[in-house]
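# Inside the fold
The chain contents come next:
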Amino acid sequence: MFALTVRFDLADETAATAFDALAAQTAADVRELEPDVQTYAIHSVEGEPLARIFFEVYRDRAAFETHGTQPHIQHFFARSADLVVRTRLELLHPHELSDQHR
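Now for a quick tour of the structure. None of these values were measured; they are calculated from a predicted model. (Residues numbered from 1 in each chain as written. Predicted model: local features only at pLDDT ≥ 70, side-chain atom pairs only at ≥ 80, totals over all residues. Heavy atoms only, no water.)

Let us look at the overall build of the protein chain. Along its length, the protein chain carries three helices and four strands. What you see in the protein chain, going N to C, is helices and strands ordered as β-α-β-β-α-α-β. Overall size of the protein chain, expressed as C-alpha extent along the three principal axes, is 50 × 35 × 20 Å. Relative to its 102 residues, the protein chain shows a buried fraction of 35%. Across the protein chain, the fraction of contacts at a sequence separation of at least 24, relative to all contacts at a separation of at least 6, is 71%. Carbon and sulfur atoms make up 53% of the accessible area of the protein chain, which totals about 6600 Å². The protein chain carries 9 positive and 17 negative side-chain charges, and their two centres are separated by 2 Å. (Helix = DSSP H or I, 4+ residues; strand = E, 2+ residues; numbered from the N terminus. Buried < 20%, exposed > 50% of the residue type's maximum accessible area, 1.4 Å probe, protein only. Contact = heavy atoms within 4.5 Å. Areas by Shrake-Rupley, 256 points an atom, 1.4 Å probe, with all protein chains shown as cover. Lys, Arg positive; Asp, Glu negative; His and termini not counted. Charge placed at Lys NZ, Arg CZ, Asp CG, Glu CD.)

This part is about the pattern of salt bridges. Charged atoms that come close allow side chains of opposite charge to pair. What the rule picks out here adds up to eight salt bridges. Note that R59 is salt-bridged to D60, the shortest N-O span being 2.5 Å. Under the relative-accessibility criterion, R59 is labelled partly exposed at 40%. Here D60 falls in the partly exposed class, since its relative accessible area comes to 24%. Via salt bridges that share partners, R7, D9, E48 and R86 belong to a single interconnected network. (Salt bridge = Lys/Arg side-chain N within 4 Å of Asp/Glu carboxyl O.)

Taken together, four strands build an open sheet; the order of strands is 2-3-1-4 and the sheet is antiparallel. This sheet does not close on itself; its edge strands, each paired only once, are strand 2 (37–45) and strand 4 (84–92). Averaged over all neighbouring strand pairs, the angle between strand axes comes to 15 degrees, with direction disregarded. Against the sheet, helix 2 (residues 61–69) engages strand 1 (2–10), strand 2, strand 3 (48–58) and strand 4, with an angle of about 130 degrees to strand 3. (Pairing = 2+ DSSP bridges. Axes fitted to C-alpha atoms, helices over the stretch in contact; angles between N-to-C directions.)

What follows concerns the packing of aromatic side chains. The description of an aromatic ring pair rests on the distance of the ring centres and on the angle between the ring planes. Under the criterion given, the structure shown has ten aromatic pairs. Here F8 and F76 contribute two aromatic rings whose centre-to-centre distance is 5.8 Å and whose plane-to-plane angle is 80 degrees, an arrangement assigned as edge-to-face. Remark: F76 occurs in helix 3 (residues 71–80) and F8 occurs in strand 1; sequence separation between them is 68 residues. The buried category is assigned to F76, whose relative accessible area is 2%. Here the aromatic cluster, defined as three or more aromatic residues joined through ring pairs, consists of F8, F19, Y40, F54, F76 and F77. (Phe/Tyr/Trp six-rings, centres within 6.5 Å; stacked < 30°, edge-to-face > 60°.)

In structure tokens, the structure reads:
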């Protein structure tokens, strides 16, 4: 399993509306065309109306790398470039807790 989050901070309300429409279509394409994507969820952030968080889980790192080459993902990044003022990518790794922290 390979997981990550991506935070997109959007320029303004108009950008947020356009971004949300683009993200919805992209998520539908991912679900239909990419069987190795296990989770592709888009969230808004409480108290931050111009922020969106994508939570993504892939079968493995190779599936993530393939995801980035897909035409619908290339389209998403090309169309969203002018809507986004900042992007933050965080790669996630399972964290094992000791028995005393469970």
